[in-house]
Amino acid sequence: GVTRVDRISSVVNARRIDVNNINMFVTNNGGFARDIENNGNSGLFFPKGTVKTPVYAGGIWIGGKITGAATDSIRVAEAEYSPEFQPGPMTGPDTWADYTDPIFQPYKVKRYSGNPSDTAHVDRDPAAVAKDRTLDPIAHHSWSEYMRGAVPYGAPWKMYDLPDPDNPSSTVQVPGPDVSGDQMIWSVFNDADPAAHDVVHSLPLGVEIHSSTFGFDRQGALGNTVFLDYRVINKSVNNYDSCYVILWSDPDLGGAGDDLVGCDTTLSVGYVYNATNTDQIYADRPPSVGFDYFKGPTVGANTLGLSSFIFYINGTDPGTPSETYNYMRGYKRDGSPIINPLTNQQDPFMFSGDPVSGTGWLDSNPSDRRFMCISGPFTLAAGDTQRIVGAVIIAQGGDRLSSITGMKFFDIKAQKAFDVDFQLPPPPPQPVVKYSTDHGTISLSWDAGSRTNYIPDPGYAFEGYNVYQGASVSGPWKRLATYDVVNGIGVVRDSVFDIA
């Protein structure tokens, strides 16, 4: 028979979400941040344009108990190093589509700006789509590919008014992807095949998951965040209670052996940070990476957030349904309670203190970590759908602790943007900058497109330019000059992150 490793490498596809400062592989089997088609190397690069990696692997896990079942009631599915999900939809309560069909690849699309020169909808040469396996300029699927391969299986779409090629003065309606953010990767996968459950060794739940991973081409918080939008559909005949969902990660922040982890229960975020300011990869400015629930499962009128945060080290991964479910409930792998050493009380939130102030329960033994951001419990009856929205947030401050402050600052900002359904004023288009050099000087010049082509929302207008100098491609940045439009508005107030 075909080994599990061969099975995964032969059918799973991955594409990069790379519209902002994060460059991350996303697969069609529930995993992300791991380059599974290149010897399983780390697959999240930050900052984009470098080969520095703060995360080795990530994925979604889900588990629950069959309501009223006397035996074999626990069902779980994980997307770890060898995911127990497979590409494609379910075709019945216990049947599934051919996971080797290339139509179930991850579909990468970008937002249509409304500008007639935008080519987001234009058919592309398949070879151009393949370019995003490298660090080449962003490539994406055409609308026709998306409408043909993704929409029939649940991908979001809408109608657009596009210029009529036969009559430029009029428009025609054309169906296309309903893109969240400025760039989105959509895929469908399921856990229905019992043969795929060879890590935790559970029977399948029978869930189909529609995954939209998206990001924004912006600065600040949204420029350092990737959103993970999952629609979990129970296609089985079972009713599940006491369900939990996990955002799992094996971070490997730069050098893997000096990682610490923690959580902030007020923000529903779990995160990794460096133990020192001398990281093997990031040197004296190691970033911090957070995994947040912007929208957890829904229970009645309530939306859940982080219900527990668990860490474990290499070699103590769960290997049975009960071990996995114990972690999900906020217990140790063997089912014994987790005790906070400061209170001597049971505490499902490991390392919930504040490393920046040095208070509370803190991780103090750096090593190669894995962690679980868990939300639950909730019910998932036959035919039910739960929408879960998480995010990966990264900040690089002036040192390891400043990075934690920055990550939480970005997290709060991104949460606010999500809460208003991203109804935000669009930024001006980037100017086209040219430069020339002379002895001891650099001369910059740019076009007027940012000012003249900006179509603002009511109440917002173009206000000017800031010019920054970076010590490297990832900063730190120093503002050199501000060129302000002379219009009576001298100050625009907002909160900003100071890396110092």
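Quick caveat, the model's predicted, so the values are computed rather than measured. (Residues numbered from 1 in each chain as written. Predicted model: local features only at pLDDT ≥ 70, side-chain atom pairs only at ≥ 80, totals over all residues. Heavy atoms only, no water.)

Draft legend 1. Main features of the overall build of the chain. When helices and strands are counted, the chain shows 6 helices and 32 strands. Whereas a compact globule of 500 residues would reach a radius of gyration of roughly 23 Å, the chain reaches 23 Å, a difference of no more than 12%. Its C-alpha atoms put the chain at 75 × 60 × 45 Å along the principal axes. Counting only residues that meet the buried cut, the chain has 50% of its 500 residues in that class. Carbon and sulfur atoms make up 52% of the accessible area of the chain, which totals about 22,200 Å². (Helix = DSSP H or I, 4+ residues; strand = E, 2+ residues; numbered from the N terminus. Rg over C-alpha atoms; globule rule 2.2 N^0.38 Å. Buried < 20%, exposed > 50% of the residue type's maximum accessible area, 1.4 Å probe, protein only. Areas by Shrake-Rupley, 256 points an atom, 1.4 Å probe, with all protein chains shown as cover.)

Draft legend 2. Broad picture of the pattern of salt bridges. All told, the structure shown has 11 salt bridges when counted by the stated rule. Of the charged contacts in the structure, one is a salt bridge between Asp229 and Arg231, with a shortest N-O distance of 3.3 Å. Classification of Asp229 as buried rests on a relative accessible area of 5%. A salt bridge links Asp494 to Lys413; the shortest N-O distance between them is 2.8 Å. (Salt bridge = Lys/Arg side-chain N within 4 Å of Asp/Glu carboxyl O.)

Draft legend 3. Representation of the pairing of strand β28 (residues 385-395) within the structure. When you tally the buried positions in β28, you get 9 out of 11 residues, the bulk of the element. The pairing of strand β17 (residues 225-234) with β28 spans 9 bridges and is classified as antiparallel. Residue pairing across strands places Phe227 opposite Ala391, the latter belonging to β28. Note: strand β21 (residues 288-295) against β28, 7 bridges, orientation antiparallel. (Pairing = 2+ DSSP bridges.)

Draft legend 4. Here's a closer look at the nonpolar core. Residues Met24, Leu44, Phe85 and Met372 are the most contacted members of the largest nonpolar core, which totals 66 residues. Sorting elements by how many residues they give to this core places strand β18 (residues 240-250) first, with 7 residues. The next biggest cluster of nonpolar side chains, apart from the first, holds 35 residues, and it includes Val109, Val151, Leu267 and Phe418. (Core = buried A, V, L, I, M, F, W, Y, C linked by side-chain atoms within 4.5 Å.)

Draft legend 5. The arrangement of helix α5 (residues 400-419) in detail. With 20 residues, α5 extends 29 Å between its outermost C-alpha atoms, agreeing within 8% with the 28 Å of an ideal straight helix rising 1.5 Å per residue. Capping of α5 at its N-terminal end is provided by Asp399; its side-chain oxygen lies 3.1 Å from the backbone amide nitrogen of Leu401. Just downstream of α5 lies Asp421, where phi reads positive at about 55°. (Expected span 1.5 Å × (residues − 1). Polar contact = N/O pair within 3.5 Å; in protein donor to acceptor, adjacent residues only side chain to side chain.)

Draft legend 6. A look at the side chain of Ser202. With respect to the helices and strands, the residue Ser202 is situated in the loop between β15 (183-190) and β16 (207-215). Judged by its relative accessible area of 6%, Ser202 is buried. A distance of 3.0 Å separates a polar side-chain atom of Ser202 from the backbone nitrogen of Val76. For Ser202, the residues in contact, after removing those within four places along its chain, are Ile74, Arg75, Val76, His197 and Pro321. (Contact = heavy atoms within 4.5 Å.)

Draft legend 7. Structural detail: a nonpolar patch on the surface. A surface patch of nonpolar side chains, amounting to about 460 Å² of accessible area, comprises Val433, Tyr435, Ile442 and Leu444. Of all elements in the fold, only β29 (433-438) and β30 (441-446) reach the threshold of two or more residues within the nonpolar patch. Structurally, the position occupied by Leu444 is in strand β30. (Patch = residues over 30% accessible without salt bridge, like charges linked within 9 Å, V, L, I, M, F, W, Y side chains within 5 Å.)

Draft legend 8. The arrangement of unusual backbone geometry in detail. Note that the residue after Phe46, namely Pro47, is joined by a cis bond; omega there is -5°. Counting through the fold element by element, Pro47 comes out in the loop between β6 (44-45) and β7 (57-66). Of note, the bond from Gly376 into Pro377 is cis; its omega dihedral lies within 30 degrees of zero at 0°. Residue position: Pro377 is located in strand β27 (residues 369-380). Phi is positive for Ala283, which is not a glycine, with a value near 55°. Structurally, Ala283 is set in the loop between β20 (269-274) and β21.

Draft legend 9. Quick look at the confidence of the model for the chain. On average, the chain scores 91 in pLDDT, and the residues at 70 or more come to 95%. Contacts for the low-pLDDT stretch residues 1-10, under 50 throughout, to residues beyond four places or in other chains number 14 contacts. (pLDDT = per-residue confidence, 0-100.)

Draft legend 10. Just helix α4 (residues 321-328), in detail. Among the 8 residues in α4, 6 count as buried, and that is most of the element. Elements in contact with the buried residues of α4: β7, β8 (74-77), β18, β24 (308-313) and β27.

Draft legend 11. Molecular detail of the state of the cysteines. Tallying each qualifying case throughout the model produces 0 disulfides. A disulfide-free cysteine, Cys243 has its sulfur positioned 19 Å from the sulfur of Cys373, the nearest such atom. We classify Cys243 as buried; its relative accessible area is 1%. Free cysteine: Cys373, not disulfide-bonded; nearest cysteine sulfur from Cys263 at 8.0 Å. (Disulfide = S-S within 2.5 Å.)

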